[in-house]
Amino acid sequence: VEFIDYSLMNINKIKRSQVTNTVSSGQTLTGLAKLGLSWNKISKDTIKSNIWEQVIRVSVIPNDKALANIVWALGTIEAPANEMPNQVRDSMLDNINRIMNQCSSWTFCNIIWGLAKMSFEWPDFNTTLQESITMNIARLGPSMNNIDTTILIWSLGELDTCMDKFPAYVLDSLYTSILTCIDIMKPEELSRLIWGLSSCGMSWDKLPTAIKWNINVALRRVSTYMIPQDIANSAYGLA
């Protein structure tokens, strides 16, 4: 605990206006997340306050990779959205909206995943951010690999997104991404994809014939390698 507090306090000595604060803040939170830091195990309020300070620092400069790293880190330590101060929340979401069009598929999917792990829900985002997310799904969908596709659709499910309300061109982009890589998805990826589609309100009957056909083929391909969690996710999604 003392090490975490000391590390964050040292970063806070760097002026917010200095570019180096973005790198230091992002790298520190990412490192702490990889070391297994968990929000529920942080007992000192000063540490939580210092973590929120790092979010503000990264949100000052529109750097998509730095922001993706810090949102990923917050999601990994499961920092809850409902405990985020309004200033921090507004600053982070505003910056996400600003940098969204710069994102690669990797940074985009990590941001959406982090928001989902922080227990945000789709209605928490204003209309501008919702539109930005959907437009970038359409932009990036065809270039996504199997990992990106799985992470994105699972995250949209966690956010309680109503995917059937997406414009047709956005759904077409997602379906293209699925069809492009479903034949190489691992059991965990496929089961998370199925769970995510269902959690987004996309019942089996709503899916295009090509998607349903390829899911059936993929399930037969990986069925013997599924662990109980994979089976549970798939069964829930297909029910």
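Residues numbered from 1 in each chain as written. Predicted model: local features only at pLDDT ≥ 70, side-chain atom pairs only at ≥ 80, totals over all residues. Heavy atoms only, no water.

S.K.: Which parts of the structure should I look at to understand the side chain of Glu189?
M.R.: Tracing the backbone through its elements, the reader meets Glu189 in helix 10 (residues 187–199). No salt bridge is formed by the buried Glu189, whose closest oppositely charged neighbour, Lys186, lies at an N-O distance of 5.3 Å. Among residues more than four places away in sequence, those in contact with Glu189 are Asn146, Ile147, Thr150 and Ile184. (Helix = DSSP H or I, 4+ residues; strand = E, 2+ residues; numbered from the N terminus. Buried < 20%, exposed > 50% of the residue type's maximum accessible area, 1.4 Å probe, protein only. Lys, Arg positive; Asp, Glu negative; His and termini not counted. Salt bridge = Lys/Arg side-chain N within 4 Å of Asp/Glu carboxyl O. Contact = heavy atoms within 4.5 Å.)

S.K.: I'm lost on the pattern of salt bridges in this one. Help?
M.R.: Pairing of side chains with opposite charge becomes possible as their charged atoms draw close. Counted by the stated rule, this structure contains five salt bridges. For Arg57, the salt bridge identified is with Glu53, shortest N-O distance 2.9 Å. Taken as a pair, Arg57 and Glu53 lie in helix 3 (residues 45–60) at a separation of four residues, close to a single helical turn. Taken as a pair, Arg57 and Glu53 share a single burial class, namely buried. Notably, a salt bridge pairs Asp124 with Arg89, separated by 3.9 Å at the nearest N-O pair. Linking Asp124 in the loop between helix 6 (105–117) and helix 7 (127–140) with Arg89 in helix 5 (residues 86–99), this pair joins segments that are 35 residues apart in sequence. According to the relative accessible area criterion, Arg89 is buried, its value standing at 19%.

S.K.: I would appreciate a short explanation of the packing of aromatic side chains in the present structure.
M.R.: The relative placement of two aromatic rings is captured by the distance of their centres and the angle of their planes. All told, the structure shown has seven aromatic pairs when counted by the stated rule. Geometrically, the ring pair formed by Phe120 and Phe125 is tilted, given 5.8 Å between the ring centres and 35° between the ring planes. Considered together, Phe120 and Phe125 belong to a single accessibility category, that of buried residues. Note on Trp122 and Phe166: the rings are 6.0 Å apart at their centroids and 55° apart in plane angle, and the pair reads as tilted. On the criterion of sequence distance, the pair formed by Trp122 in the loop between helix 6 and helix 7 and Phe166 in the loop between helix 8 (146–158) and helix 9 (168–181) is long-range, its members being 44 residues apart. Feature note: the residues Phe120, Trp122, Phe125 and Phe166 constitute an aromatic cluster, connected by ring pairs. Taking the ring centre of Trp154 as reference, the NZ or CZ of Arg192 above it sits at 5.2 Å. (Phe/Tyr/Trp six-rings, centres within 6.5 Å; stacked < 30°, edge-to-face > 60°. Lys NZ or Arg CZ within 6 Å of the ring centre and 35° of its normal.)

S.K.: Honestly, the environment of Cys109 in this entry has me stumped. Any pointers?
M.R.: Relative to the helices and strands, Cys109 resides in helix 6. Separated by 42 residues in sequence, Cys109 and Ile151 place their C-alpha atoms 6.4 Å apart. The residues contacting Cys109, other than those within four sequence positions of it, are Met144, Asp148, Ile151 and Leu152.

S.K.: Where do I start with the packing of helix 6 against helix 7 in this structure?
M.R.: The packing of two helices is summarised by the inter-axis angle and the distance between the axes. Contact pair helix 6 / helix 7: the axes reach a minimum separation of 11 Å and the direction vectors enclose 145°. Relative to helix 7, helix 6 is oriented so that their crossing is left-handed. Touching Ser105, Phe108 and Ile112 of helix 6 are Ile133, Asn136, Ile137 and Leu140, all from helix 7. Classifying every residue of the contact of helix 6 with helix 7 gives five nonpolar, two polar and no charged. (Axes fitted to C-alpha atoms, helices over the stretch in contact; angles between N-to-C directions. Left-handed = near helix turned anticlockwise from the far one by under 90°. Nonpolar A, V, L, I, M, F, W, Y, C, P; charged D, E, K, R; others polar.)

S.K.: Help me out: how do you make sense of helix 11 (residues 209–222) in this one?
M.R.: Think of an α-helix as 3.6 residues a turn; residues three or four steps apart then line up on the same face. The terminal C-alpha atoms of helix 11 lie 20 Å apart, and with 14 residues this matches the ideal 20 Å at 1.5 Å per residue to within 8%. Ile211, Lys212, Ile215, Ala218, Leu219 and Val222 are the residues of helix 11 that are buried. Looking down the long axis of helix 11, one finds its buried residues gathered within 130° of arc, a one-sided arrangement. For helix 11, the exposed residues lying more than 90 degrees away from the buried face are Thr209, Trp213 and Arg220. (Expected span 1.5 Å × (residues − 1). Arc of directions from axis to C-beta.)

S.K.: I would appreciate a short explanation of the nonpolar core in the present structure.
M.R.: Proteins that are soluble and globular tend to have nonpolar side chains buried together. Judged by nonpolar contacts, the single largest core of 73 residues is most densely connected at Leu74, Met92, Ile96, Phe108, Leu115 and Phe120. Ranked by the residues each element gives to this core, the list is headed by helix 4 (residues 64–76), at seven residues. If we ignore the near neighbours within four places in the chain, the residues touching Ile96 are Leu67, Val71, Ile111, Leu115 and Leu129. (Core = buried A, V, L, I, M, F, W, Y, C linked by side-chain atoms within 4.5 Å.)

S.K.: Mind showing me how you'd approach helix 5 here?
M.R.: Between its first and last C-alpha, helix 5 extends 20 Å over 14 residues, near the 20 Å set by a 1.5 Å rise per residue. Three or more residues of helix 5 are buried, namely Val88, Arg89, Met92, Leu93, Asn95, Ile96 and Ile99. Here the buried residues of helix 5 occupy an arc of 160° about the axis, which is enough to place them on one side. Among the exposed residues of helix 5, those oriented more than 90 degrees off its buried face are Asn86 and Gln87. Those residues of helix 5 that are buried lie in contact with helix 3, helix 4, helix 6 and helix 7.

S.K.: Could you clarify how one ought to interpret unusual backbone geometry in this entry?
M.R.: Leaving glycine out, the prevailing phi sign among residues is negative, and the prevailing peptide bond configuration is trans. Residue Glu78 is not a glycine yet carries a positive backbone phi of 60°. Tracing the chain through its elements places Glu78 in the loop between helix 4 and helix 5. A positive phi angle is found at Ser119, which is not glycine, with a value near 70°.

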